[in-house]
Amino acid sequence: MAVEGRVSTRGDIYSYGIMLLEMLTRKKPTDEMFVGELRLRQWVKASIPYKIMEAINGNLLRTEQGNDAIAAQCDVLAIMELDFECSRELLEERIDIKDVIIKLNKIKSQML
């Protein structure tokens, strides 16, 4: 993403955040449901906290070998929180890639 003609790694972070949302929801930013001012990020954010499970891809919450469904929900919500940090509207407010990696490693260790 370019801001005023400049390329920025924070633009890449934004794209990463939107890609995470696509994976979590199985929806694309270009989906027909997103018309006018409604965008993927806004739709997911509006579903928190009461309708979040409707927005998340149910396949992500299926458990195998008796794993705890609540733990799976917590993992997905942790990834979603990271997504929102990546896809903030203002460039200066987006998380740095080093912090993204730290948070992903923390989520990974909680999942294992």
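Preceding this section is the structure that the text describes.
In this report, we go over the structure that sits alongside the text. Predicted model, so just to flag it, every value in this text is computed and none were measured.

## Examining the packing of helix α1 (residues 9-25) against helix α2 (residues 40-47)
Two elements in contact, α1 and α2, have axes separated by 10 Å at closest approach and are oriented at 60°. Between α1 and α2, the angle is such that the two are oblique. The two elements α1 and α2 cross, and the hand of that crossing is left-handed. Residues I18, L21, E22 and T25 of α1 lie in contact with α2, whose contacting residues are L40, R41, W43 and V44. The class makeup of the residues in the contact of α1 with α2 is five nonpolar, one polar and two charged.

## Side note on the pattern of salt bridges
The full count for this structure, using the stated rule, is two salt bridges. The salt bridge partner of R10 is D96, with a shortest N-O separation of 3.7 Å. Taken together, the residues span a long stretch of sequence, with R10 in helix α1 and D96 in the loop between α4 (69-86) and α5 (97-111) at a distance of 86 residues. Across the pair E85 and K103 runs a salt bridge, and its minimum N-O distance is 2.9 Å. Of the two residues, E85 sits in helix α4 while K103 sits in helix α5, which places them 18 residues apart along the sequence. Judged by its relative accessible area of 30%, K103 is partly exposed.

Rules and cut-offs
- Residues numbered from 1 in each chain as written.
- Predicted model: local features only at pLDDT ≥ 70, side-chain atom pairs only at ≥ 80, totals over all residues.
- Heavy atoms only, no water.
- Axes fitted to C-alpha atoms, helices over the stretch in contact; angles between N-to-C directions.
- Helix = DSSP H or I, 4+ residues; strand = E, 2+ residues; numbered from the N terminus.
- Parallel < 35°, antiparallel > 145°, perpendicular 65-115°, else oblique.
- Left-handed = near helix turned anticlockwise from the far one by under 90°.
- Contact = heavy atoms within 4.5 Å.
- Nonpolar A, V, L, I, M, F, W, Y, C, P; charged D, E, K, R; others polar.
- Salt bridge = Lys/Arg side-chain N within 4 Å of Asp/Glu carboxyl O.
- Buried < 20%, exposed > 50% of the residue type's maximum accessible area, 1.4 Å probe, protein only.

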